[in-house]
Amino acid sequence: QLHLVESGGGLVQPGGSLRLSCAASGFALGYSAIGWFRQAPGKEREGVSCISSSGSRTNYADSVKGRFTISRDNAKNTVYLQMNSLKPEDTAVYYCAAILTPVQILCVMTSSAYGSWGQGTQVTVSS
């Protein structure tokens, strides 16, 4: 069974930082491309960032470039999303998702491409 668990969300003031974690069990994260997505109330789920299984390829939504950084530690079966300079517009439920693939450079930010999803973690940016 594929299982992903996000953690690290919470309430933060504008300009603050959070680090989200995505921990995998039931499979080796090192064989999976990982995406971070978010969904705000009344909005469609949008891609935030992705990272290939090898870590050699990453991508970011224009709205978070320069502020968010995705990374992975395959030995710990964990992917991280470091979020800096947070804005109220970043408020959303954040999800990680996995694609099991032998293609080590695969990195996509399309929700429909992912089959395994975590439960989500709430990020609220407010003063």
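Use the structure listed above.
### Concerning the state of the cysteines
- Using the criterion set out here, one finds two disulfides in the structure.
- Paired by a disulfide, Cys22 and Cys96 hold their sulfur atoms 2.0 Å apart. Given an S-S torsion of about 70 degrees, the disulfide between Cys22 and Cys96 has right-handed geometry. On the criterion of sequence distance, the pair formed by Cys22 in strand S3 (residues 18-25) and Cys96 in strand S9 (residues 92-100) is long-range, its members being 74 residues apart. Accessibility assignment for this pair places Cys22 and Cys96 in one class, buried.
- With cysteine numbering restricted to those in disulfides and following the sequence, the protein chain has the pairing 1-3, 2-4.

### What to know about unusual backbone geometry
- Here the phi dihedral of Asn77 falls at roughly 55 degrees; this positive angle occurs in a residue that is not glycine.
- Looking at the element boundaries, Asn77 is found in the loop between strand S7 (68-73) and strand S8 (78-83).
- A positive phi is found at Ser85, a non-glycine position, where the angle reads about 50 degrees.
- Within the fold, Ser85 resides in the loop between S8 and S9.

### A closer look at the sheet that holds strand S1 (residues 3-7)
- With antiparallel pairing, the four strands of this open sheet are ordered in space as S1-S3-S8-S7. Here the strands that pair on one side only, and so sit at the sheet edges, are S1 and S7. Going from strand to strand, the sheet's axes swing by 15 degrees on average, the running direction of each strand aside.
- Relative to S8, S3 runs antiparallel, the two sharing six bridges.

### Comments concerning the pattern of salt bridges
- As enumerated under the stated definition, the model contains four salt bridges in all.
- Between Arg38 and Asp90 there is a salt bridge; the shortest N-O distance is 2.9 Å. Highlighted residues: Arg38 in strand S4 (residues 32-39) and Asp90 in the loop between S8 and S9, separated in sequence by 52 residues.
- We classify Arg38 as buried; its relative accessible area is 5%.
- We classify Asp90 as buried; its relative accessible area is 2%.
- With its nearest N and O atoms 3.1 Å apart, the salt bridge here joins Asp62 to Lys65.
- By relative accessible area, Asp62 is classed as exposed at 66%.
- Assessed through its relative accessible area of 48%, Lys65 is described here as partly exposed.

The rules behind the values
Residues numbered from 1 in each chain as written. Predicted model: local features only at pLDDT ≥ 70, side-chain atom pairs only at ≥ 80, totals over all residues. Heavy atoms only, no water. Disulfide = S-S within 2.5 Å. Helix = DSSP H or I, 4+ residues; strand = E, 2+ residues; numbered from the N terminus. Buried < 20%, exposed > 50% of the residue type's maximum accessible area, 1.4 Å probe, protein only. Pairing = 2+ DSSP bridges. Axes fitted to C-alpha atoms, helices over the stretch in contact; angles between N-to-C directions. Salt bridge = Lys/Arg side-chain N within 4 Å of Asp/Glu carboxyl O.

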